[in-house]
Amino acid sequence: MSDLTATSNPATGLSTASVSDALDSLGLPGSLHGIGALRQGQRVVGPVFTVTYEPVDEAGGTVGDFLDDVPAGTVILIDNAGRTDCTVWGGIMSQTAHQRGVAGTVINGTCRDVAVATAAGYPIWSVSRFMRTGKDRVRVAAVQTAVAIDGVAIRPGDILVADDDGPVVVPATRWDEVADIARRIDRVEEAVIEAVRCGATLAEARAEHGYHSLQARKDPS
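Scope of this entry: the structure provided in the associated data block. It should be emphasised that the depicted structure is a prediction, and the values quoted were computed from it without experimental measurement.

1. Here we look at the nonpolar core
Side chains that are nonpolar tend, in soluble globular proteins, to be buried together.
Moving on, step 1. Ranked by size, the top nonpolar core spans 21 residues in total, and within it F66, L67, I76, I78, W89 and I124 carry the most contacts.
Moving on, step 2. The set of elements that each furnish at least two residues to this core consists of β2 (44–55), β3 (75–79), α2 (91–99) and β4 (104–111).
Moving on, step 3. When residues in this core are grouped by element, the largest group, three residues, is from β2.
Moving on, step 4. Not counting chain neighbours up to four residues away, the residues in contact with F66 comprise F49, V51, Y53, I76, I78, W89, M93, V140 and V143.

Shown next, in the form of structure tokens:
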């Protein structure tokens, strides 16, 4: 697993917009459509810890105690197949994760106990919020295995960046490359803004700094 954490790496300053643009320039998927911030002002960067849920059957099963195994500084990524009719994350989980230094939780599904997470200052991104329990409806099917969300293949240890615009995931093996491109995109956009402040038209500023070619494919990946 990468040693990148949400508090120790300068890459925490990268926005999901810049990271997403960098992924586009490399032909890599990564943006998780339909998953949004539980509240504004949240931000996290860190390696993912994956959890997969499935519907219960006659064999039963539980929502699981996987949180005991999540290292501090990681981002929990839960895949409940986008279900919005029952929750897979609640107040006990938010408070425990916060106390243990988990960076945040991203859910392809639903959370509840929003007020508890907000009071704790624990960052969550989810498809929706809904109070109905997942007990006896879903169960943990796998922990720390590859998942696919919105066509994005995600492996344990891949790097997840999330902010007000939502979450995006970068393969761990491509993180340094993607982060470098994202930082260059930020520099170009700042230069465009500065040029406009100095009197250039937007068209002139964009042309001067190569804005329209920022997402041109750089890799046949």
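From this point, the narrative continues.
2. Considering helix α1 (residues 16–25)
Moving on, step 1. Burial analysis of α1 places eight of its ten residues in the buried class, the great majority of the element.
Moving on, step 2. What α1 keeps buried is the set T16, S18, V19, S20, D21, A22, L23 and S25.
Moving on, step 3. One or two residues past the end of α1 sits G27, with phi positive at roughly 70°.

3. Here's the deal with the pairing of strand β5 (residues 124–129)
Moving on, step 1. In the sheet, strand β1 (residues 36–37) pairs with β5 via two bridges, with the strands oriented antiparallel. Bridging across to β5, G36 finds its partner in S126.
Moving on, step 2. In this structure, β4 lies alongside β5, joined through five bridges in parallel fashion. Its bridge partner being in β5, I107 is matched across the sheet by S126.

4. Quick notes on the side chain of N108
Moving on, step 1. The residue N108 is located in strand β4 in this model.
Moving on, step 2. For N108, a relative accessible area of 12% corresponds to the buried category.
Moving on, step 3. N108 has contacts with I35, I78, D79, N80, A81, G82, R83, V127 and I149, leaving out every residue within four places of it along the chain.

5. Side note on the environment of E177
Moving on, step 1. Looking at where E177 falls in the secondary structure, it is placed in helix α4 (residues 175–197).
Moving on, step 2. Placed 151 residues apart in sequence, E177 and L26 show a C-alpha to C-alpha distance of 9.5 Å.

6. Let's talk about the layout of surface pockets
Moving on, step 1. Within this model, the largest pocket holds a volume of roughly 400 Å³.
Moving on, step 2. With four residues, the single largest contributor to the lining of the largest pocket is α2.
Moving on, step 3. In the lining of the largest pocket, the residues fall into seven nonpolar, seven polar and six charged.

7. Focus on the pattern of salt bridges
Moving on, step 1. Taken as a whole and judged by the stated rule, the model has eight salt bridges.
Moving on, step 2. Between D68 and R100 there is a salt bridge, and its shortest N-O distance comes to 2.8 Å. With D68 in the loop between β2 and β3 and R100 in the loop between α2 and β4, the pair connects residues that are 32 residues apart, well separated along the chain.
Moving on, step 3. Residue D68 is classed as exposed on the basis of its relative accessible area of 54%.
Moving on, step 4. Note that R174 is salt-bridged to E177, the shortest N-O span being 2.7 Å.
Moving on, step 5. The exposure class of E177 is partly exposed, given its relative accessible area of 32%.
Moving on, step 6. Members of the salt-bridge network, linked through shared partners, are E54, D57 and R139.

8. So, unusual backbone geometry
Moving on, step 1. Even without being glycine, D113 reaches a positive phi, approximately 55°.
Moving on, step 2. In this structure, D113 sits in the loop between β4 and α3 (114–120).
Moving on, step 3. Despite not being glycine, D136 has its phi angle at roughly 65°, a positive value.
Moving on, step 4. In this fold, D136 is placed in the loop between β5 and β6 (138–143).

Cut-off values and rules
Residues numbered from 1 in each chain as written. Predicted model: local features only at pLDDT ≥ 70, side-chain atom pairs only at ≥ 80, totals over all residues. Heavy atoms only, no water. Core = buried A, V, L, I, M, F, W, Y, C linked by side-chain atoms within 4.5 Å. Buried < 20%, exposed > 50% of the residue type's maximum accessible area, 1.4 Å probe, protein only. Helix = DSSP H or I, 4+ residues; strand = E, 2+ residues; numbered from the N terminus. Contact = heavy atoms within 4.5 Å. Pairing = 2+ DSSP bridges. 1 Å grid on protein atoms, 1.4 Å probe; cavity = no way out; pocket = protein on both sides within 12 Å on 5 of 7 lines; lining within 4 Å. Points joined across faces, edges and corners; volume = space filled by probe spheres on them. Nonpolar A, V, L, I, M, F, W, Y, C, P; charged D, E, K, R; others polar. Salt bridge = Lys/Arg side-chain N within 4 Å of Asp/Glu carboxyl O.

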